[in-house]
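Structure at a glance
This is what each chain is made of:
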Amino acid sequence: MKIGCHVSISGSIDKAVDNAVERECSAFQIFTRNPRGWHAKELTDEDIANFKSKLKTSKIDRLATCAHMPYLPNLATPKDEGFEKSVQTLIKEVERCAQLGIPYLVTHLGSHLGTGEEGGIKRLIKGLTKAGKTKNDVVILLENTAGQKNSVGSSFKQLGEIFNQLKPAKKFGVCFDTCHAFVAGYDLRTEEKVNETFDEFDKYVGIKNLKILHLNDAKGDIGCNLDRHYHLGLGGIGEKGITAVVKFANKRKIPIILETPIDDDRDDFKNIKKAKEFA
């Protein structure tokens, strides 16, 4: 079982490995830089060496690690300046992942800001294709969305239509977020419904393209489009559904990453423990 959570890089990027080991992770996700700004401090040779060295001496498989794009880029924006900055940030993040030896970079698909899905998707594909031309082995993962206003990629059909236009195919994959799928209207509350949902995902996107699974319960109910993650088994999806998803991912050896909240009810340690119990 490859399971872990999003871990902090506070202090230095190699601290992410320490945080993952402390939480008994066998997989993890990071931001390679401050996710709330455009500027990224360059990775030094020391940063890269320390990260790689710690990862090698840990028991965590490098292929079960991923990075996530920062918050500000919007690859579907109609604003030219914002689009160019977003694409350049994506390219830079791909390059940073390559430097660190991280195989996957998860990206949100963005918002067309009310200008229409067709134009938003065209810009998104243009930006992703440009980033796909980088000369390294990093795979860009498209994350399904929660169906918020003006967003694209919440339906598997649309996600598949976007994904299947990307070239070269080996540079792209998909990250499936359980909270996003559930609040976008896909039922994940029972084993039967989980199987039906993944059958539909397979039809339009392809299970073979699913490289990372974000395991999050949902604060809201099915179809509400509210992107609020919650503790495993305590939200709208519930224990039966989360258990079925964990077993589905394990059977296919897909790394599982938790992005659950930290509060008085539970922290990362307790949510990871709970996920292992469900397995």
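What counts as what
Residues numbered from 1 in each chain as written. Predicted model: local features only at pLDDT ≥ 70, side-chain atom pairs only at ≥ 80, totals over all residues. Heavy atoms only, no water. Helix = DSSP H or I, 4+ residues; strand = E, 2+ residues; numbered from the N terminus. Rg over C-alpha atoms; globule rule 2.2 N^0.38 Å. Buried < 20%, exposed > 50% of the residue type's maximum accessible area, 1.4 Å probe, protein only. Contact = heavy atoms within 4.5 Å. Areas by Shrake-Rupley, 256 points an atom, 1.4 Å probe, with all protein chains shown as cover. Lys, Arg positive; Asp, Glu negative; His and termini not counted. Charge placed at Lys NZ, Arg CZ, Asp CG, Glu CD. Phe/Tyr/Trp six-rings, centres within 6.5 Å; stacked < 30°, edge-to-face > 60°. Core = buried A, V, L, I, M, F, W, Y, C linked by side-chain atoms within 4.5 Å. Arc of directions from axis to C-beta. Polar contact = N/O pair within 3.5 Å; in protein donor to acceptor, adjacent residues only side chain to side chain. Pairing = 2+ DSSP bridges. Axes fitted to C-alpha atoms, helices over the stretch in contact; angles between N-to-C directions. Right-handed = clockwise from strand over helix to strand, strands pointing away.

**A short note on the overall build of the protein**
Helices and strands together make up the secondary structure of the protein, namely nine helices and 10 strands. Its C-alpha radius of gyration of 18 Å places the protein within 12% of the 19 Å reference for a compact globule of 279 residues. Its C-alpha atoms put the protein at 45 × 45 × 35 Å along the principal axes. The buried share of the protein, reckoned over its 279 residues, is 55%. For the protein, the proportion of contacts with a sequence separation of at least 24, taken over those separated by at least 6, is 76%. Accessible area of the protein: about 12,700 Å², with a carbon and sulfur share of 48%. Put simply, the protein has 43 plus and 38 minus side-chain charges, and the middle of one group is 4 Å from the middle of the other.

**Some details on the packing of aromatic side chains**
How two aromatic rings sit relative to each other is set out by the distance from centre to centre and by the angle between their planes. In this structure the tally under the stated criterion is nine aromatic pairs. Considering the side-chain rings of Phe156 and Phe176, the 5.8 Å spacing of their centres and the 45 degrees angle between planes classify their relative orientation as tilted. Remark: Phe176 occurs in strand 6 (residues 172-177) and Phe156 occurs in helix 5 (residues 156-163); sequence separation between them is 20 residues. Geometrically, the ring pair formed by Phe198 and Phe248 is stacked, given 3.9 Å between the ring centres and 10 degrees between the ring planes. Of this pair, Phe198 sits in helix 7 (residues 191-204) while Phe248 sits in helix 8 (residues 238-251), placing them 50 residues apart in sequence. Relative accessible area serves as the criterion here: at 2%, Phe198 is assigned to the buried category. One aromatic cluster is present, built from ring pairs that chain together Phe156, Phe176, Tyr186, Phe198, Phe201 and Phe248.

**Focus: the nonpolar core**
Counting 75 residues, the largest nonpolar core has Phe198, Phe201 and Leu215 as the members making the most contacts within it. The leading source of residues in this core is helix 3 (residues 80-100), at seven residues. When residues no more than four places from it in sequence are discounted, the contact partners of Phe198 are Phe176, Ile207, Leu210, Leu213, Val245 and Phe248. Formed by 10 residues, the second largest nonpolar core is a distinct cluster that contains Ala27, Val139, Leu141 and Cys175.

**So, the environment of Ala275**
Tracing the sequence through the fold places Ala275 in helix 9 (residues 268-278). Measuring from C-alpha to C-alpha, the distance between Ala275 and Gly233 comes to 9.0 Å, with 42 residues separating the pair along the chain. Residue contacts for Ala275: discarding those within four places in its chain leaves Met1, Ile3, Leu215, Leu232 and Val246.

**Let's talk about helix 9**
Residues Asp268, Asn271, Ile272, Ala275 and Phe278 constitute the buried set of helix 9. Taken end-on, helix 9 shows its buried residues confined to a sector of 115 degrees, consistent with a single buried face. The secondary structure elements touched by the buried residues of helix 9 are strand 1 (3-6), strand 7 (210-215), helix 8 and strand 10 (256-258). Of the residues flanking the start of helix 9, the one acting as N-cap is Asp267, its side-chain oxygen 3.2 Å from the backbone nitrogen of Phe269.

**Some words on the sheet that holds strand 10**
The strand order 1-2-3-4-5-6-7-10 describes a closed barrel built from eight strands, whose pairing is parallel. Strand-to-strand, the axes of this sheet are offset by a mean angle of 30 degrees, without reference to chain direction. Sheet analysis places strand 6 next to strand 7, joined by four bridges and oriented parallel. In the strand pairing of strand 7, Asp177 is matched with His214. Its contacts with the sheet place helix 7 against strand 6 and strand 7, and it is angled at close to 160 degrees to strand 6.

**Description of the pairing of strand 2 (residues 27-30)**
Neither face of strand 2 is open: one carries Ala27 and Gln29, the other Phe28 and Ile30, and all of them are buried. The sheet contact formed by strand 1 and strand 2 spans three bridges and is parallel. Pairing of His6 across the sheet is with Gln29, part of strand 2. A crossover connection joins strand 1 to the parallel strand 2 through helix 1 (residues 15-22); in handedness this β-α-β unit is right-handed. The β-α-β motif built from strand 2, the intervening helix 2 (residues 45-57) and the parallel element strand 3 (residues 65-68) has right-handed crossover chirality.

Without other data, these values stay purely geometric and don't point to any function.
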